[in-house]
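One letter stands for each residue in the lines below.
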Amino acid sequence: MTRRANTWWVTAVAPCMALAIATLPAAHVAAQQPPSSEQRLRQQQDELDKLRKERSDLEARMSALQRSARSLTDEVNNLEAQRQTTRRLVEALDKQLETINEEVIKAGTGLVKAESELEGKKGALQRRMVEIYKRGSLYDVEAMLSAQSFAGLVARYKYLHELALNDRNLVRRVEGLRDQIITQRMLLVRLQDEVGRNRQEKDREARRLADLESRRQKNLTAVQLTAQRTRERLQQLARDESRIANAISTLETARRRAEMAPNARPSAPSTIRTSDLGKLDWPVEGDILYRFGRVINPNNTTTRWNGIGIGASVGTSVKSIAAGEVVLADNVGTYGPTVIVQHGGGDYSVYGSLQNIGVRRGQQVTKGQSIGTVGATDPELPPHLHFEIRPKGRAIDPLEYLRARR
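Everything numeric in this text was worked out from a predicted model, so none of it was measured.

The predicted model of the protein chain has a mean per-residue pLDDT of 78, with 83% of residues at 70 or higher. Note that residues 1-32 has pLDDT below 50 and, in this model, 26 contacts with residues that lie over four places away or in other chains.

The following block contains the structure:
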């Protein structure tokens with residue numbers, strides 16, 4: 001009876017037990033959640049990209065300013081905006097570097113821990129393999145067949161089942177630790193590369209920031225100097241305009257006194273008549289650089305012009321618009337070499353910014369006669385003729401008298 005029972009266990013139960021042990025379900029490994037530092041790195045990278053885009057737009061704006069007529073104030077404001085953006089970019093890079101360093105420390109700690117655990121698990125697995133080898137391949141069957149009762153058989157099955165689970169979990173843990181170590185080492189390499197790139201970019205941004213600081217300071221100094229020169233020039237221009245007006249006023253006073261003197265001969269009528277409105281020839285051919293009246297400059301200063309500026313090449317002949325007498329032929333400050341012609345009846349024409357004067361005071365000139373040549377006495381403007389018409393000594397828009405252009 002005992003021999004038959006043993007045969008039944010060997011032929012029926014043992015194979016089933018071995019199959020059950022061999023096909024035990026694998027243990028589930030909890031999925032690892034991505035560390036919060038990775039999310040922080042992504043957010044910081046998004047912020048860096050946004051700052052780079054903002055600065056790129058500012059640089060494009062600066063290029064547009066440099067290609068067009070602009071004031072230095074606009075460039076200073078643009079450079080300040082670039083400087084602020086670059087400073088924020090450097091701060092963002094610092095934060096990113098801190099996050100990367102935290103991740104490096106965490107990855108390094110995890111790597112050391114995984115390597116230490118792997119060594120322990122490998123030792124346990126080796127010892128277990130030695131034990132299995134020593135017991136032989138029929139140990140499980142012999143353990144089951146040597147049970148003295150059904151309860152003993154169940155207890156031994158449970159023991160062998162737990163032992164198989166532990167062996168399988170041990171193998172999987174060793175494999176998981178090996179994969180984790182490989183991943184951690186790759187992560188460390190990537191993070192070290194990120195640290196290197198971050199430091200290089202930070203160095204570039206620091207140099208860029210220093211360059212922007214230098215350029216901003218230079219442009220700010222230039223703006224201040226330009227503003228100072230503009231104020232001085234406007235003050236000098238006002239003084240020179242007053243000098244011209246006073247000279248004409250003095251001439252007018254003398255002319256009226258002469259007319260009111262006893263036995264005074266009647267003065268000659270003006271050679272500039274009302275019928276000449278819109279018909280007089282231009283003193284020089286060229287484009288208009290500035291017009292009569294108030295003009296707002298790019299630096300927000302205001303200049304009042306008592307005449308017009310006619311652009312022409314240096315040395316171009318300047319002609320009198322009508323016959324008259326030269327009452328001033330001299331250098332007048334910002335006006336440069338200047339000629340004033342009295343046309344009679346209190347009418348005057350003014351020719352400024354000349355290169356040289358071709359007439360003298362008291363000389364009679366005819367209509368169309370050359371009185372000098374165009375110069376470049378104003379450093380703020382290209383070569384041009386400054387031209388005024390002053391009926392009864394009062395400045396008006398010369399374009400009212402000059403022949404209209406097609």
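From this point, things continue past the structure.
Take the pairing of strand β8 (residues 347-352) next. Within β8, six of the six residues are buried, which leaves it mostly tucked inside the rest of the structure. Because side chains alternate across β8, one face comprises the buried residues Asp347, Ser349 and Tyr351, and the other comprises Tyr348, Val350 and Gly352, equally buried. If you look at the hairpin formed by strand β7 (residues 337-344) and β8, you'll find two residues sitting between the two strands, and Gly345 has a positive phi there, around 65°. Here β8 runs beside strand β12 (residues 384-390); their pairing, made up of five bridges, is antiparallel. From the neighbouring strand, Ser349 faces β12, where its bridge partner is Ile389.

The subject of this paragraph is the nonpolar core. In this structure, Val318, Ile321, Val339, Tyr351, Ile371, Leu385 and Phe387 are the most contacted members of the largest nonpolar core, which totals 25 residues. Counting only elements with at least two residues in this core, the list comes to β4 (308-311), β7, β11 (370-374) and β12. In terms of residues, this core owes the most to one element, β12, which gives three residues. When residues no more than four places from it in sequence are discounted, the contact partners of Val318 are Pro283, Tyr351, Leu354, Gln369, Ser370, Ile371, Gly372, Thr373, Val374 and Leu385. Leu111, Leu170, Leu188 and Leu191 belong to the second-largest nonpolar core, a separate cluster that totals 15 residues.

Topologically, Gly393 is positioned in the segment after β12. The exposure class assigned to Gly393 is partly exposed, which follows from its relative accessible area of 21%. Through-space distance from the C-alpha of Gly393 to that of Ser249 is 6.6 Å; in sequence the pair is 144 residues apart. If we skip the residues at most four places from it in the chain, Gly393 touches Ile248, Gly346 and Tyr348.

One open sheet holds the seven strands; their spatial order is β1-β4-β12-β8-β7-β6-β10, and the pairing between them is antiparallel. Unpaired on one side and paired on the other, β1 (288-290) and β10 (364-365) mark the two borders of the sheet. Relative to β12, β4 runs antiparallel, the two being bridged by four bridges. Considered in β12, the bridge of Ile310 is made with Leu385.

In this section: the pattern of salt bridges. In total, this model carries nine salt bridges according to the counting rule given. With a shortest N-O distance of 3.7 Å, Glu285 and Arg403 are connected by a salt bridge. Of this pair, Glu285 sits in the loop between α5 (150-260) and β1 while Arg403 sits in the segment after β12, and the two are 118 residues apart along the sequence. Judged by relative accessible area, Glu285 falls into the exposed class, the value being 51%. Relative accessible area serves as the criterion here: at 33%, Arg403 is assigned to the partly exposed category. Between Lys392 and Asp347 there is a salt bridge, with its nearest N and O atoms 3.8 Å apart. On the criterion of sequence distance, the pair formed by Lys392 in the segment after β12 and Asp347 in strand β8 is long-range, its members being 45 residues apart.

What counts, and at which threshold
- Residues numbered from 1 in each chain as written.
- Predicted model: local features only at pLDDT ≥ 70, side-chain atom pairs only at ≥ 80, totals over all residues.
- Heavy atoms only, no water.
- pLDDT = per-residue confidence, 0-100.
- Contact = heavy atoms within 4.5 Å.
- Buried < 20%, exposed > 50% of the residue type's maximum accessible area, 1.4 Å probe, protein only.
- Helix = DSSP H or I, 4+ residues; strand = E, 2+ residues; numbered from the N terminus.
- Pairing = 2+ DSSP bridges.
- Core = buried A, V, L, I, M, F, W, Y, C linked by side-chain atoms within 4.5 Å.
- Salt bridge = Lys/Arg side-chain N within 4 Å of Asp/Glu carboxyl O.

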